[in-house]
Amino acid sequence: QVQLVESGGGLVQAGGSLRLACAASGSIFSINAMGWYRQAPGKQREFVAAITSGGSTNVVDSVKGRFTISRDNAKNTAYLQMNSLKPEDTAVYYCNADIKNIARTTALFWGQGTQVTVSS
């Protein structure tokens, strides 16, 4: 019974910062990659950033230099530090994780999403 719980969303002025967190819990054996996606009103969900178990990262061009993904393996938690936020960053942000459970079955899990609103 693996689940991902997100936190840290909210309302912020343009140029401000937020830090999102996603904590995985349940019958976890190991976690491979973790990542963040976002979905703006009227748009499809898009990739934002990902981080492997070894710490390698990948960030979409539109947020490079502003967003940083990290993880704390001891806490099974991924973070997304968002700086210099723009109104176009407004979206529901979802985390995901590729998780192997104690039965050695691997599956991709999604969080419930957290709203980020950036005002001008």
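See the structure shown above.
The present account deals with the structure reproduced in this document. (Residues numbered from 1 in each chain as written. Predicted model: local features only at pLDDT ≥ 70, side-chain atom pairs only at ≥ 80, totals over all residues. Heavy atoms only, no water.)

**Observations regarding the sheet that holds strand 3 (residues 18-25)**
Backbone hydrogen bonds hold the strands of a sheet together, and the pairing may be parallel or antiparallel.
Moving on, step 1. The antiparallel open sheet is built from four strands, whose spatial order is 1-3-8-7. Only two strands of the sheet have a single neighbouring strand rather than two, namely strand 1 (3-7) and strand 7 (67-72). Pairs of neighbouring strands in the sheet enclose a mean axial angle of 15°, with direction left out of account.
Moving on, step 2. Where strand 1 meets strand 3, five bridges bridge the pair, whose relative direction is antiparallel. For Ser7, the partnering residue across the bridge sits in strand 3 and is Ala21. (Pairing = 2+ DSSP bridges. Helix = DSSP H or I, 4+ residues; strand = E, 2+ residues; numbered from the N terminus. Axes fitted to C-alpha atoms, helices over the stretch in contact; angles between N-to-C directions.)

**What to know about the environment of Ser119**
Moving on, step 1. Among the secondary structure elements, Ser119 is positioned in strand 11 (residues 114-119).
Moving on, step 2. For the pair Ser119 and Lys86, spaced 33 residues apart in the sequence, the C-alpha separation amounts to 7.8 Å.
Moving on, step 3. Those residues in contact with Ser119, other than ones at most four positions away along the chain, are Leu11, Val12, Gln13 and Ala14.
Moving on, step 4. Of note is the side chain of Ser119, whose polar atom sits 2.4 Å from the side chain of Gln13. (Contact = heavy atoms within 4.5 Å. Polar contact = N/O pair within 3.5 Å; in protein donor to acceptor, adjacent residues only side chain to side chain.)

**Observations regarding the packing of aromatic side chains**
Moving on, step 1. On inspection of all chains with the given rule, the structure shows two aromatic pairs.
Moving on, step 2. Geometrically, the ring pair formed by Tyr37 and Phe47 is edge-to-face, given 5.5 Å between the ring centres and 80° between the ring planes. Of this pair, Tyr37 sits in strand 4 (residues 28-39) while Phe47 sits in strand 5 (residues 46-51), placing them ten residues apart in sequence.
Moving on, step 3. Connected via pairs of aromatic rings, a cluster forms that spans Tyr37, Phe47 and Trp110.
Moving on, step 4. The ring of Phe29 has Arg104 sitting right over it, with the charged end atom 3.9 Å from the ring centre. (Phe/Tyr/Trp six-rings, centres within 6.5 Å; stacked < 30°, edge-to-face > 60°. Lys NZ or Arg CZ within 6 Å of the ring centre and 35° of its normal.)

These results come straight from atomic positions and should not be treated as a statement about function.
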